[in-house]
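Letter by letter, the chains look like this.
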Amino acid sequence: MKRLPILVLLLWLCAMFYIGIFLFVGGFLLVRLEVNRTSTCGDVLLPGDQQGDFCQGQPRFRKAVVLIIDALKIDFARFDPANKEPRPFENKLPVLEEVTSSKPSHARLFPFRADPPTTTMQRIKGFTTGSLPTFIDVGNNFASSAILEDNLVHQLAEVGKRVVFMGDDTWESLFPKKFHRSLPFPSFNVKDLHTVDNGILQHLYNIMVSDDWDVLVAHFLGVDHCGHRFGPDHPAMADKLTQMDGVIRSVLDRLQNDTLLVVMGDHGMTDTGDHGGESQKETDAAIFLYSPSPLFPASPSKSDPEVVPQTDLVPTLALLLGIPIPYSSVGQVLLPLFPAESQTGGAPAGLSQAEALWINAKQVNRFLETYSSMAKDIPPESLSQLQADFSRLSSNYLSTVKEGHSPTPELVASLQGYLTSVRDTCRATWAHFNPAKMAAGIAVLACACVLCYVLSEMSSVLVRESGLLRVPLVVATVVGVCVAASQLFTQGYAEGSWCLAAAALSSEVLVLWRAQQARKTTAAEGGEVAPRRGWLTLPRFLLTPPLLVLLLRCASLLSDSYVIAEGRVVTFLLFSMSLYVPFHLNWDGLLLPPVHDPLKPAGLLPSPVLSPLAVRRESSTFLACLGVLVGSLYLSLFFHGCREEQGSCQPSPFLSPLSRVQDSRLKNLHYILSLASLGAWTYLLRRWLRHYGNLNSPGGTVFTARWILPLLSVCLGLHWAVAATPEDSFRNLAELISLGQRALPRVAFSLLGVGLALLWLDPLTVFIKSRAATPVRGPVSLPPPRYRASTGISTQAELHHLIPQLYQRMRRSLEDGEPARVPEGGDRPAVEAYGLGTVYSAPVVLLCGLLGLGLLLLHPEGMSLSFLLLLLEMGALLQIHASSTTLNALQGSHSELLGLRGAA
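Cut-offs used in this document
- Residues numbered from 1 in each chain as written.
- Predicted model: local features only at pLDDT ≥ 70, side-chain atom pairs only at ≥ 80, totals over all residues.
- Heavy atoms only, no water.
- Helix = DSSP H or I, 4+ residues; strand = E, 2+ residues; numbered from the N terminus.
- Salt bridge = Lys/Arg side-chain N within 4 Å of Asp/Glu carboxyl O.
- Axes fitted to C-alpha atoms, helices over the stretch in contact; angles between N-to-C directions.
- Parallel < 35°, antiparallel > 145°, perpendicular 65-115°, else oblique.
- Left-handed = near helix turned anticlockwise from the far one by under 90°.
- Contact = heavy atoms within 4.5 Å.
- Nonpolar A, V, L, I, M, F, W, Y, C, P; charged D, E, K, R; others polar.
- Core = buried A, V, L, I, M, F, W, Y, C linked by side-chain atoms within 4.5 Å.
- Buried < 20%, exposed > 50% of the residue type's maximum accessible area, 1.4 Å probe, protein only.
- pLDDT = per-residue confidence, 0-100.
- Phe/Tyr/Trp six-rings, centres within 6.5 Å; stacked < 30°, edge-to-face > 60°.
- Lys NZ or Arg CZ within 6 Å of the ring centre and 35° of its normal.

A positive phi angle, near 65°, is found at A71, a position not held by glycine. Considering the arrangement of structural elements, one finds A71 in the loop between strand 2 (63–69) and helix 2 (74–77). Positive phi, close to 60°, is recorded for K177, a residue that is not glycine. Structurally, K177 is set in the loop between helix 6 (170–174) and strand 6 (181–185).

A word on the pattern of salt bridges. Using the criterion set out here, one finds 17 salt bridges in the structure. Note that R113 is salt-bridged to D284, the shortest N-O span being 2.8 Å. Taken together, the positions of R113 in strand 3 (residues 107–113) and D284 in strand 9 (residues 284–290) put the pair 171 residues apart, joining distant regions of the chain. Note that K281 and D271 form a salt bridge whose closest N and O atoms lie 2.7 Å from each other. Of this pair, K281 sits in helix 11 (residues 280–283) while D271 sits in the loop between strand 8 (259–264) and helix 11, and the two are 10 residues apart along the sequence. Each of K73, D75 and R78 takes part in one network of salt bridges that share partners.

It is worth spelling out the packing of helix 25 (residues 664–691) against helix 31 (residues 841–857) at this point. Interhelical geometry of helix 25 versus helix 31 gives an angle of 170° and a closest axis separation of 10 Å. Considering the angle they form, helix 25 stands roughly antiparallel to helix 31. Here helix 25 runs over helix 31; the crossing is left-handed. Contacts between helix 25 and helix 31 involve L678, W681, L685, W688 and L689 from the first element and S841, A842, V845, L846, C848, G849, G852, L853 and L856 from the second. Residue classes in the contact of helix 25 with helix 31 are distributed as 11 nonpolar, three polar and no charged.

Turning our attention to the nonpolar core. With 74 residues, the main nonpolar core has W171, M264, L319 and Y418 as its most contacted residues. If you tally residues by element for this core, the top one is helix 13 (residues 353–374), at 10 residues. Once residues lying within four places of it in the same chain are set aside, the contact partners of W171 are I68, I124, F127, T128, V153, F165, F179, V217 and H219. Membership of the second largest hydrophobic core comes to 48 residues, among which are I74, F89, L93 and L255.

Glancing now at the confidence of the model for the protein. Low-confidence regions, as indicated by low pLDDT, have predicted coordinates that should not be scrutinised in detail. Averaged over the protein, the pLDDT score is 79; the fraction of residues at 70 or greater is 78%. For the protein, the element scoring lowest by mean pLDDT is helix 28 (residues 785–791), at 37; strand 7 (residues 215–220) scores highest, at 96. Below pLDDT 50 for its whole length, residues 817–825 participates in 12 contacts with residues either more than four positions away or in separate chains.

The residue R78 is located in the loop between helix 2 and helix 3 (94–102) in this model. For R78 and E97, which are 19 residues apart along the polypeptide, the C-alpha to C-alpha distance reads 7.0 Å. Beyond its immediate sequence surroundings of up to four residues, R78 is in contact with N91 and P111.

It is worth spelling out the packing of helix 3 against helix 10 (residues 235–253) at this point. Across the interface, helix 3 lies against helix 10 with an axial gap of 8 Å and an inter-helix angle of 40°. As far as their axial angle goes, helix 10 and helix 3 are oblique. Residue-level contacts link P94, V95, L96, E98 and V99 of helix 3 to D245, I248, R249 and L252 of helix 10. Classifying every residue of the contact of helix 3 with helix 10 gives six nonpolar, no polar and three charged.

Turning to the packing of aromatic side chains, a few remarks are in order. In total, this model carries 15 aromatic pairs according to the counting rule given. When the ring of F288 is compared with that of Y290, the centres are 6.5 Å apart and the planes differ by 5°; the resulting orientation is stacked. Like F288, the residue Y290 is buried in the burial classification. Three or more aromatic residues joined by ring pairs form one cluster here, namely F127, F165, W171, F175 and F179. The ring of W213 has K63 lying over it, and the distance from NZ or CZ to the ring centre is 4.5 Å. It is R108 that lies over the ring of F296; its NZ or CZ is 4.3 Å from the centre.

In this section: the environment of W358. Positionally, W358 belongs in helix 13. For the pair W358 and Q416, spaced 58 residues apart in sequence, the C-alpha to C-alpha distance is 9.5 Å.

Written out as structure tokens, the structure reads:
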């Protein structure tokens, strides 16, 4: 087979995998099209005022102070006077309860619910644009992380309001050149609790008393970083919340009558201090609204919302500050902030609830029409229903206003219902999976895997079939065009993903069919067929226990109950597989071969004809590794996390970082166990490589195993110690500890990068040493043709297998003049080869060791014992595979010996 057809075939296979991944990701990570249009002051006119400018009116608030306390969970903000023994995160913000109870018409505290994913960047985007997040947002500028959609910061800048920002530097990348003045501080180091907060406090009060701002945004990170480092149930969390209580009190004292204060969290926090998912502890933050002038029309009532969605903040702040609602917002104004009746004839300073809802509904309907004309992901029936609802509400509202009547409470409730329906429809469209695309992607990937197996088994047949892809590619193109044409005829538009799916599946089926025809033709002509098995035996091959266990593992992902208990399911399947191997070997007479003498009892020792010493050694090694594997699997059950669906499950204590352990003795024991596991990891890797002769070469890979691996372990151990040291323990060494917290992870990742680069450039650890020549290492040249024939190995096999090449090189060095005999007085051979038996496995083992240490940097210290168990399991599996192969080889040698005896 020529090179070009082979290259085309490989590229086609890669394309099949990419198409399958693309289809699956398209159904799993849904995308939302960004509408890059902006609202203007003329877009939000009230009925009957067609030439007015909404932005020219007097806003209800001239200034606003927005304090964002990252990860301000609603439980942190509540105050319970009956709680006499509060936990570290309880009752530490009493100022919110004091102001709310003493001034009910000036302040309110609400749960502030975020939409998942509850990450900081997505949350900032959510409460500034009013849109719902998805995992992937498709915009026009893929090279920039800036928010392209219309947002509050952009609208404030457009109307000339001076926005001053300080805090988390994420805002700088999201809103470049949008702030009148900005004071960003680095937020990458989650171990740092004070840099961002102290930097804000250095400027916050001075800016508030000045007149050089209209909107002040301060994003504190200390509470969030404290949760990541120590968890919420730690004295450090009490200190940070107490500090935030003092900040809020100081800000309240400096507020003017025309200023609105918003204290809010962007997301919540789990019991372990993490966030990002969709559990209620992660989504429920707190929002506190206050103004020195009366803000709410009355005291809290039953009509107040129990939970405020984060998207509702955008239209509420926009109308209170007198700016247009951002174009893509799907939020709903917070009605308690607006009076029931208009007080100033529709100006922004006195919008009634009905007027605010009407402006909000017009803006949402405009966005819905624009989005539906650009994207087709909203169901047509839902879209038609929403458009009909808005037409009916618009007619009722306009007729009521034209007649001079106030909108009825029923009409207000209908407007609220319409806004809620739009948000629910968008959430159902953008935040749900597409099972059809996921299934199509899995089907394409499964067919691609089958094709890889078939083509690998038919390599000799493919030599004669250089045009295997001609017909399938033509048919795939025709199928794709037909699917696109049918979509255009039935739906009015064509979706490229389904055209790709149809083309990919049709081409794969045709390639399988043509491969079968080629095999039949080759067999009829007496050609060489696949060396091991024909691909027509594929169904029976898939039913072998190893692949059956693998298929069960894949099938378990389709069941909720199996996914919830995924850790135990995987352990059970692997344990079952490990027990199958010895039973299978014993069934074939390899591990416990049958005894030929009926008077001799059965035992572990094989018959003398089967090389008893060799079989005994391999059987003992096999059983020992099997015991190591089973024991490691059992111990690994102690390292488990808990899902929300598991109820009373308690996570493993090893999942908690050392910084969260408050008992000093337990912390020291925890650290010693982690260091012992890390040391055992490094020792076992080096011991294994040294035992098989892989540390005798002067190459880069051996340098990595000798020096980089231990240095990386030392950096990791020092990093654990520095990260777990309380900041107030060694005040004289505070700067050194802070430097170590920043430098040690960077040094560790640098060493890891150097080690992986050396392993990539020079993976082999084989070392050939000759008595008469200098040590030789590096690329192995092929021997002359006269030596190729003497081994019985084909030229094509020598091109793909390294061990025959090395063997031929050693043989040639002996036959080309080097002494074949051992010199007098010496017991060493003339040519020595180190690491030849592990020429393939040594780079893999070293790579897994380096990657394991890199992953351990991203996990808590207690997980080092779990990683050690993974290393033992990996080594045991490799040795079990090698021992089973050796036992099969011994059985094959025994069969050949019996055949020779019979022939004699």
